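# Overview (structure and organization)
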Amino acid sequence: MQTPQEMTLAQRHSKILQKIQSHAKAGRGAAELIAVSKLQPIEKIVEVHALGQKKFGENYAQELSEKAEILKDKDIYWVFIGHIQSNKIRKIVTWAHEIQTVASFSHAQQIARHARELGKIPFPIMLEVNAGNEASKSGIPMSAIRPLAAQIASDLPELQIRGLMAIPPESYNDAACQSTPPLYQDLRSLASELGLGLLSLGMSSDLAIALEAGSDMVRIGTAVFGSRNS
Ligand SMILES: *Cc1c(COP(=O)(O)O)cnc(C)c1O
């Protein structure tokens with residue numbers, strides 16, 4: 001058996017796609033793969049894109065802008081999944097096709113304004129929940145999601161709410177959980193109430209439980225690209 005390190009990018013990408021396919025749910029189909037390319041070199045993105053991968057996730061505004069500029073002739077859909085800083089919002093809206101980490105009305109207003117100025121409306125967003133209420137994580141508590149969604153829906157027609165994005169505590173992983181955790185079921189139900197009703201849940205370590213819970217898109221970095229440069 002090959003260890004994940006010995007597999008090629010193509011093999012790892014295909015293995016993740018197969019795993020996603022194997023958890024496809026009746027009526028919902030297979031989840032979508034966002035290949036998280038933060039801190040990965042351009043050459044690897046080009047290689048994975050050549051395999052048919054269209055959506056890539058980035059966490060840092062500067063890195064996103066540099067990569068998107070270099071790769072602007074390719075049909076890549078850039079998803080911003082990093083912590084948002086106010087002074088970087090214009091840069092993010094300029095290069096990203098979607099922002100999944102909206103966690104305040106003020107950021108939503110600024111995204112809406114830049115999207116209007118840049119002619120990118122309606123601009124797709126997701127609301128980021130801090131599912132475990134961890135001090136170290138961004139996002140807002142589950143209880144704050146519905147009011148924020150309602151305010152955005154009524155005041156910011158420039159934004160299209162696609163649903164909910166979550167980064168659960170690390171204790172939720174495929175090795176530790178035998179079945180779908182109740183938290184994941186709660187995230188699934190909450191997401192279904194918001195905008196287009198989509199749920200962005202699942203990273204390399206909790207891919208299986210996220211898919212079992214009915215996630216619509218998984219954000220996979222290391223399991224596709226290998227470890228990151230820091
Ligand atoms: C880095 C990152 C991922 C990918 O994590 P892996 O463990 O490498 O799969 C997914 N989502 C977010 C928000 C991230 O920051």
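Described below are features of the structure shown in this document. (Residues numbered from 1 in each chain as written. Predicted model: local features only at pLDDT ≥ 70, side-chain atom pairs only at ≥ 80, totals over all residues. Heavy atoms only, no water.)

### Considering the side chain of Ser 200
Relative to the helices and strands, Ser 200 resides in strand S7 (residues 198-200). A relative accessible area of 0% means that Ser 200 is categorised as buried. Here Arg 219 takes part through its side chain, which lies 2.9 Å from a polar atom of the side chain of Ser 200. In contact with Ser 200, other than residues within four places in its own chain, are Gln 100, Met 126, Leu 164, Met 165, Ala 166, Ser 215, Met 217 and Arg 219. (Helix = DSSP H or I, 4+ residues; strand = E, 2+ residues; numbered from the N terminus. Buried < 20%, exposed > 50% of the residue type's maximum accessible area, 1.4 Å probe, protein only. Polar contact = N/O pair within 3.5 Å; in protein donor to acceptor, adjacent residues only side chain to side chain. Contact = heavy atoms within 4.5 Å.)

### Structural notes on the nonpolar core
Ile 99, Ile 111, Ile 125, Ile 152, Leu 159, Leu 164 and Leu 187 are the most contacted members of the largest nonpolar core, which totals 62 residues. The residues touching Ile 152, leaving out its near neighbours within four places in the chain, are Val 102, Phe 105, Ala 108, Ile 125, Leu 127, Leu 159 and Ile 161. One finds Val 36, Ile 81, Met 126 and Leu 198 within the second-largest nonpolar core, a separate group that totals 8 residues. (Core = buried A, V, L, I, M, F, W, Y, C linked by side-chain atoms within 4.5 Å.)

### Section: the pairing of strand S1 (residues 32-36)
S1 sits mainly inside the fold: 4 of its 5 residues count as buried. Inspection of the sheet shows S1 paired to strand S2 (residues 55-58) by 2 bridges, in the parallel sense. Paired with Ala 35 across the bridge in S2 is Phe 56. As a crossover connection, the stretch from S1 through helix H2 (residues 42-49) into S2 is right-handed. (Pairing = 2+ DSSP bridges. Right-handed = clockwise from strand over helix to strand, strands pointing away.)

### A short note on the layout of surface pockets
In this structure, the largest pocket occupies an estimated 620 Å³ of space. As for the largest pocket, its lining consists of 27 residues, and the residues nearest its centre are Lys 38, Asn 59, Lys 137, Ile 167 and Met 203. The class makeup of the residues in the lining of the largest pocket is 10 nonpolar, 10 polar and 7 charged. (1 Å grid on protein atoms, 1.4 Å probe; cavity = no way out; pocket = protein on both sides within 12 Å on 5 of 7 lines; lining within 4 Å. Points joined across faces, edges and corners; volume = space filled by probe spheres on them. Nonpolar A, V, L, I, M, F, W, Y, C, P; charged D, E, K, R; others polar.)

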